[in-house]
Every structure is written in structure tokens, then in C-alpha cells.
Amino acid sequence: MDALNRAFALAFFIHPDRPLACEIAVQALARLEVAATAQDKRLYYTPTGRRAGETEPSAVQRTKVTLSDVHLLQYLVYQVSETCERSQEQNPAAAIRLTETDLLIRFIKHLTALTMKRNSFYVALGLCRLLFSYNTQETLEVYGVVLQNPDRLPDDYYCRSRKKKLLEEMRERFGDFLRVAKGQRGEGRFEPGPTGQVQRDWVERCLHQFTPWETSCPIPPDFDPLVDEVPWLHSPHHDPARFQPVEISRMHALLHPECFWRLTAALNLEVPPERLTLPRIFLPGKGEPPAMPPSDRGTPQPLTPQELGEIHQRLDAQSQRRKAASTGTAWIYIDGMERTEFTLRSQETIHLIVDEAALLEIRSRDETGEIVLATLWLASLETSRLSDRATQSITLEGGQTFCFHIQVERDEWGEITHSEIEIAYQAPVPATGPATRWQSLKNLLWRNMRFSDWDFPTFLTPVLAGGLLLICGTGLVYLWWRANLPVAPVVRYDPPLSPVKPVPPLKPVVPGDKPALLPPPVQPPQPRPRHRNPAAGLDSDLTRNVPPGVTASDWQEVKELYVEPFGEDPTSRALFEEVVTQLKASHRFQVQASHESAAGVLDALVLNTGKPGRFSLTVRFRLVNTAGKTLWTSTLTARRSGQVTEISRRGMEQLLATAARFDKIQPGSDTQP
């Protein structure tokens, strides 16, 4: 199946309306054509081999895409589809015809798009925590197997904060169609709806449709996470070129039903159908939602030759319209929302600061309507993590060039918080000849010298190597010259000896004589008193687990403490109860029943790090205040089962000793160890 038919089938699954699905596929493919790339993509060709009115597609196909383009096309179908979805949902006459099936498919599609534009961790979090009812510890177990490196797992606090963010984004997208209720320990969750066999079948069909295209199953049938290694899911940090395909394989392992079933079975977790928690969908003007009707929306008839011919004619017409759009006004859209406008003129530059986003579009308008001139897939920058600075460009059929210079900023977990984007536009040069070649060279230099985007390590390698050889050669010549200098004769000078004065004899001590007064001893100079750091008395064993930047005021503000449950297994529950008992007995912290009334949260990640037949348990404690600042961490290990209780005692002794040390520091000093 070619790219156009695949895009049409996916659009038809979301919208079972053939003309609308055809329109979505065309719009997605048109945006893929004008996607900027790091290789300075050019659209100088003119489509040939097809005459006006011809219905049969010619041999010159414009729907052949590469592997990376396949995933971008899949996301573009989601993006264009969302515009149609919002239009239907905001129109009362169209919204009244929506069914529970339509909203369920849109819910899973939007959750997939939100997580795939980030990374595989978000896919695991959205799938396990919002679509299924796996807890945080079970979600980390699943992601640890997919990551193939348990040491790189995030902590519980980070998982809860990211899950809350996904929940808010989903609630913002669907509005009154969904409702949020408080779950256990005040956790926000969607109000649950029915999860019968019909709903399970639809969820499985959705996950099959939304699995990344052109990917194979990386999880073998008889997978054992303690023995088997999956090379398709492993990407070393020093090889960023492999990161993007590995991330796509990880997303496949999580979204594809068969692979996800194998993962949960290998971890001895309940199968996903038993953990399915779909939200209750509130349809407008219809009380309780009706049962899902049967549909063949997943297997539409392929596009006919006449439809393919019309689509290619539309793509050719858009190419001609882009060629003529070299002046006028253009608009910038971020994830389908208009952001700003600018004028298309030579050497025009515009700066943007964009928060978390996936797609940037530059659109123009003519007498026919709106036309997309260029697209930039921002999500690829976050997925590949190749560099915090990138340059991508595209040159259209008319010679217009858009160059994007991107500088990204990351948080402490390495995720992109916002991007600074400079968009440079260069109008085409109409004339030909030497002047045109000089102008093209000048434009090329001007475009590539922006933001100092030269690849300095590669560009300066010969120069640096030659300079290093020159310095080494000069040094060797200088040493040889010093070694061969003539040696001057050494003239020895012996000064005359001075006469030695005789030492007078000591006067004998007679009893009754007064002792001679001796001069007072000369006192050595005393050092000036220095200001003593109030934190200087803190023991290094206690402060080595305190991150830099933590002050005494941070600790003294944390009096009320909420202890997050460590897990559902017997070992985690026993550790949790022991920690709560010790904290209550200490009278330093007041243990609260919920995190809303607490000034800090204490959690722990309990990991079974032992090999088969050998016991090894690792517990990572962490204290965080309400601002999300980590005040204290400690990692303890038990090699025998009898040491499990000892871990809680040692960890709480370290925590209370550190708190006592910080309590002795004056509150106003803001001293840090």
C-alpha cells in the first residue's frame, strides 16, 4: 500500500466519510511535501507525465516517502484530522450526530498523538495510566523493560507530574465530553465508563491503527525480561544517530497490542483487557451514550484510479500556487493555531519562542484560498535529541527559501521546555547570469552564517591539527636550541673567612642571687578571626545526599510531611509502614494524610535488582518540597532478606539527622552546605 492509500485508510478510520477522509489525506500529503529538512530540501522539479483531465496516475509518483517521512505523514493525518474534529464538535448540528465510537476513537488518537510527539516514556505513561489502570510502580516496570536500562528510570514524583500534565491536556481537548473525578489519595482520573467486550474490541482496533507505520514487532513471543535482551530497544547515549529508530521501536512495543500483551505477561501483570479503564463519554443532548454500532470503518475500499487522478491534479495545482506565492503576507500556525504574521520580502526574518509544540506551519492566501508554504516538525527535534541547535530549510518551486534556525532549552530531565526559532525568508531572484550566481552565493552564505551554525569541530579540524603540529615542532626546535647552547666556565669564589669571636663562659649560679631578667618572648602573629560558615559543622556523611542549592530555609519550612506509598507488594508496604512509624515517633515531622496539606513529600522507589536465585533490593528515598525542589536523596541496598527493615531505620536516621543539623542554622542565613 502506498503512502496516499495508507493516509486515506487512517483518515477513514477516524472519520467514516469518504470525501472527508480523502480531503484529510490530501492535506496531510501536501504538508509532507513542504516539510523542511536538515538537507535543504528543494522543490525545483515540475510534475510531468500527466495531462490535464487525465484520470490514470502516471509513472511520476509524488507519494513515495522515506521511513522517517512515513511517521511524519501519520502524525500529519492526526493533526489535520483534529481540525475537522473540533469543527464538528463545536457545531451543535454536527455534534448531535456523534456517537460514543467516534469520541472513543478520537480520545485514543489524541492520547497517541500527544505522547508520540514527545518520547516513548510519555507513550508508556499515557497508555498505562490513562487508558489502563496500571499504577506508577507497574508503569515503571513496563518502561524499564522497553528502555532496556533500569538505571535510567525516572522517579515516582516525575511520573505523577507528567501524568497530571497529560490529564490536563486531554481534558482541555475534549472539554464537556469528559469529566475528571478524584481517585485514591486525591489522584485525578477521568470518570470511568463501561468497559465491556465491545469497548475492548474497539480499543484493540484503535491501537492497531495508531501503531507506528513500517515497524516490526521487537518483543519475541516467549520473552523473559530477566534473561533476554532486545537489541532493537537499546540505544547507547554516545550514538545519537540510532536514537530515533530505537524510539520508534519502543513506541511500537507499547502501542501494538500483541507486543504490549507480551510485555505485561512477562512481568506477571494482569493482561491489558482486565485493566482497561475508559472514560465515560457525555454526548450532547443524549443522556446515557448508546451502544457502539458495528462499522467497517477500519477496512475501506482503496482509492479508485479516478480519485487518485483528482488527488494528483490537486497536488499539482497547489505546487503552481506555491510557485506564485513569493510576495504578500504569510501566517505562522503552531499546532493548528494561528500565532503571528509576517511579510514575504527578501531577507525577512522573524523570531519566535515556542513552548511544547509538534508542528509549525507557514501559510499564505490567494484568490483560491489558503495554501501551506512550509512545515517544520518540531517533535522530531525532541525525539532525535541530536543537538540543542539545528538548521532546516526548504526551497519551493518558485525559488523561495525558508530557513529555520532552532535553539532548544531543556529541563533537568533533558526534555525540551521551549524552542527559540528564527525564520529567515529569501525571495527568488528573477534574473539569470553572473549576477544571479553571485546573488545565489551571497544568499547561501547569508543563510548559513545565521546563528553561527557552522560545524566548528569538522570545519576547524585541519586547521587545529596543523596548528598543533606547528606548536609541537616549534617546542622541539626550542628545546634542541637550548640543549646545544655553549656552556660558560664556572668560576668559583670563596670569600675570606672572618675571625670567630670567643664565647664568654657561663657565670655560675650562686644561691641567693637574683636571676637576670630575660626579655619577653616574641609572640608569633595571630591570624585574623574569620567568619565561620554556620553550615561548616554539618557532617559530610549527612550533607552528601543534599543536592546543591538547598538552603536551611528550605528544610525549616518542611514541617508537615506526606509519605507517598512505595508500592503494592508486601516488601514495599512493610517499608512504608515502618517509615511512617519512625517519622511519627521522631516528632520532627507531622505526617499528613494527603499531599494537599503537606509542605513536602517523601517517596521511595523499591527495585528488585537481584539475579534469579539471589536476593538484592535497592531503595531510593527522596524528599521533595511543594515547589518540586529535591531536598534530600538516599540510596540503600539490602543483600539479604533480613536487612529490609534495617533499610527503613538507616534511611530515616539519615533524614532526621540531616534535618536536625539544618534546624540549628539561623533561618535568615540561607546557608547551603
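The structure contained in this document is the topic of the report that follows. Just so we're clear, the structure is a prediction, and the values are computed from it rather than from any experiment. (Residues numbered from 1 in each chain as written. Predicted model: local features only at pLDDT ≥ 70, side-chain atom pairs only at ≥ 80, totals over all residues. Heavy atoms only, no water.)

### Some thoughts on the pairing of strand β7 (residues 359–365)
Consecutive side chains along a regular strand alternate between the two faces of the sheet. For β7, the tally of buried residues reaches six of seven residues, placing the bulk of the element in the interior. Relative to β7, strand β4 (residues 328–334) is paired through five bridges, and the arrangement is antiparallel. Note on β7: the bridge partner recorded for Trp 331 is Arg 363. Judged from the seven bridges that link them, β7 and strand β8 (residues 370–377) form a sheet pairing that is antiparallel. Note that in β8 the partner of Ile 362 across the bridge is Ala 374. The loop that links β7 with its antiparallel partner β8 comprises four residues; one of these, Gly 369, has a positive phi angle of about 150 degrees. (Buried < 20%, exposed > 50% of the residue type's maximum accessible area, 1.4 Å probe, protein only. Helix = DSSP H or I, 4+ residues; strand = E, 2+ residues; numbered from the N terminus. Pairing = 2+ DSSP bridges.)

### Quick notes on the packing of aromatic side chains
A full pass over the atoms with the stated rule returns 19 aromatic pairs. Ring centres of Phe 107 and Phe 190 lie 5.8 Å apart, and the angle between their planes is 80 degrees; this geometry places the pair in the edge-to-face category. Taken together, the residues Phe 107 in helix α5 (residues 100–116) and Phe 190 in strand β3 (residues 188–190) connect sequence positions 83 residues apart. Classification of Phe 190 as buried rests on a relative accessible area of 11%. Between Phe 121 and Tyr 158, the aromatic rings sit 5.5 Å apart at their centres with planes inclined by 25 degrees, giving stacked as the arrangement. Of this pair, Phe 121 sits in helix α6 (residues 120–131) while Tyr 158 is found in helix α8 (residues 156–174), placing the two residues 37 residues apart along the sequence. (Phe/Tyr/Trp six-rings, centres within 6.5 Å; stacked < 30°, edge-to-face > 60°.)

### As for the sheet that holds strand β15 (residues 617–625)
Sheet architecture is open: five strands sit in the order β13-β12-β14-β15-β16, paired in mixed fashion. Looking at the sheet topology across the chains shown, the edges are occupied by β13 (590–591) and β16 (630–638). Sheet topology note: the strand β12 (residues 560–563)/β13 ladder contains two bridges and is parallel. Bridge pairing links Leu 561 to Val 591 in β13. Helix α20 (residues 644–663) rests against β14 (600–608), β15 and β16 of the sheet, and its axis sits at about 155 degrees to β16. (Contact = heavy atoms within 4.5 Å. Axes fitted to C-alpha atoms, helices over the stretch in contact; angles between N-to-C directions.)

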